[in-house]
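One-letter residues, chain by chain:
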Amino acid sequence: MDKIKLLIKNREQDTFAIHYACECFYNGGAIAPSICSISIVNMRTNNLHTFALHNYILQGKSLIDSEKQLLLDFVDFYKSLNNPIFIHWAMDSLQYGFKAIFARAENFGIYDFDLSKMQDINLKNYIDLSLIRSLEMNNCKRISVLNGKDEAISFDKRDYNLVKLSTEGKVLGILELFEKYLNNDLVELDDDVIY
């Protein structure tokens, strides 16, 4: 924990929680599935930025044009950051996470997305529960939060707003979990688990 505190010391303005939702993994989809929403919240200001299909579709864009614009806007936002530190939940694999977002951006011809300027903290490495269970046990779960399977069902039904709201709820919860972790106030014991 001391290493993490040192990393973010005097850099709270450059520290963000991030979460995103994409097309279903449950049906064995593509290596870089379509992205439905990306939400980022700043640790110091609590300003929430969401890049979501729903917002672009409301502007009259097609699904493909909406995803491309979502990625363009996210990459522009990312490029405006000063060596950001991202707090996330398990976004470090090829199938899910920063590399998958990068691959999806490349699918749309967006090549100026430099992952090397960021540092990241995978909160999953410090909490031995699922994200949903961690949010529930620490009173950080919003009513809008869906599990991954329900997000995938909502995506398939083209209810992109539900997915967006779930992503926003999760990113706000991840920031709260991180703050509880820093303050040694994290509930980790799951009484429902039988050993």
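As a reminder, the structure under discussion sits directly above these lines.
Residues numbered from 1 in each chain as written. Predicted model: local features only at pLDDT ≥ 70, side-chain atom pairs only at ≥ 80, totals over all residues. Heavy atoms only, no water.

Q: What's the story with the overall build of the protein in this structure? I'm lost.
A: Check the secondary structure of the protein and you find seven helices and five strands. Counting helices and strands in the order they occur from the N terminus, the protein gives α-β-β-β-α-α-β-α-β-α-α-α. If one aligns the C-alpha atoms of the protein with their principal axes, the spans along those axes are about 45 × 40 × 25 Å. Residue burial in the protein is summarised as follows: out of 195 residues, 48% are buried. Taking as baseline every contact in the protein between residues at least 6 positions apart, the subset at least 24 positions apart corresponds to 71%. Treating the 21 positive side-chain charges of the protein as one cloud and the 27 negative ones as another, the clouds have centres 2 Å apart. (Helix = DSSP H or I, 4+ residues; strand = E, 2+ residues; numbered from the N terminus. Buried < 20%, exposed > 50% of the residue type's maximum accessible area, 1.4 Å probe, protein only. Contact = heavy atoms within 4.5 Å. Lys, Arg positive; Asp, Glu negative; His and termini not counted. Charge placed at Lys NZ, Arg CZ, Asp CG, Glu CD.)

Q: So what exactly am I meant to see when it comes to the pattern of salt bridges here?
A: Pairs may arise between side chains of opposite charge once their charged atoms sit close together. Inspection of the entire model under this criterion finds eight salt bridges. Of the charged contacts in the structure, one is a salt bridge between arginine 11 and aspartate 14, with a shortest N-O distance of 3.5 Å. Linking aspartate 76 and lysine 79 is a salt bridge whose minimum nitrogen-to-oxygen distance equals 4.0 Å. With aspartate 76 and lysine 79 both in helix 3 (residues 63-79) and three residues apart, the pair spans about one turn of that helix. (Salt bridge = Lys/Arg side-chain N within 4 Å of Asp/Glu carboxyl O.)

Q: Could you clarify how one ought to interpret the environment of arginine 158 in this entry?
A: Following the sequence through the fold, arginine 158 ends up in the loop between helix 6 (148-156) and helix 7 (160-182). Taking the relative accessible area as the measure of exposure, arginine 158 reaches 57% and is therefore exposed. Sequence separation of arginine 158 and histidine 54 is 104 residues, and the distance between their C-alpha atoms is 9.2 Å.

Q: I would appreciate a short explanation of helix 3 in the present structure.
A: The α-helix advances 3.6 residues per turn, and as a result positions three or four apart in sequence lie on the same side. Between its first and last C-alpha, helix 3 extends 24 Å over 17 residues, near the 24 Å set by a 1.5 Å rise per residue. Buried within helix 3 are the following residues: Ser66, Glu67, Leu70, Leu71, Phe74, Val75, Phe77 and Tyr78. Taken around the axis of helix 3, the buried residues stretch over an arc of 165°, which confines them to a single face. Lining the buried residues of helix 3 we find strand 1 (15-22), strand 2 (35-42), strand 3 (48-52), helix 2 (53-57), strand 4 (85-88) and helix 4 (98-107). (Expected span 1.5 Å × (residues − 1). Arc of directions from axis to C-beta.)

Q: Help me understand the packing of helix 6 against helix 7 in this model?
A: The relative placement of two packed helices comes down to the angle between their axes together with the axis-to-axis distance. Packing of helix 6 against helix 7 leaves a shortest axis separation of 8 Å and a crossing angle of 150°. Classified by the angle their axes make, helix 6 and helix 7 are roughly antiparallel. For the pair helix 6 and helix 7, the sense of crossing is left-handed. Contacts between helix 6 and helix 7 involve Gly148, Glu151, Ser154 and Phe155 on the former and, on the latter, Tyr160, Leu162, Val163, Ser166, Thr167 and Lys170. (Axes fitted to C-alpha atoms, helices over the stretch in contact; angles between N-to-C directions. Parallel < 35°, antiparallel > 145°, perpendicular 65-115°, else oblique. Left-handed = near helix turned anticlockwise from the far one by under 90°.)

Q: Looking at this structure, I do not really get helix 7. What am I missing?
A: In this model, helix 7 (23 residues) spans 33 Å end to end at C-alpha, consistent with the 33 Å of a helix rising 1.5 Å per residue. At the exit of helix 7 stands asparagine 184, carrying a positive phi of roughly 55°.

Q: Explanation requested: the pairing of strand 2 in the structure shown.
A: Here is the key point about a regular strand: its side chains alternate between the two faces of the sheet. With eight of eight residues buried, strand 2 lies mostly within the body of the structure. Of the strand pairs in this sheet, strand 1 and strand 2 are connected by seven bridges, and their pairing is antiparallel. Within strand 2, the residue paired with alanine 21 across the bridge is serine 37. Pairing analysis gives five bridges linking strand 2 to strand 3, with the strands arranged antiparallel. For isoleucine 40, the partnering residue across the bridge sits in strand 3 and is histidine 49. Taken together, strand 2 and the strand that follows it, strand 3, pair antiparallel across an intervening segment of five residues, in which asparagine 46 is found at a positive phi of about 65°. (Pairing = 2+ DSSP bridges.)

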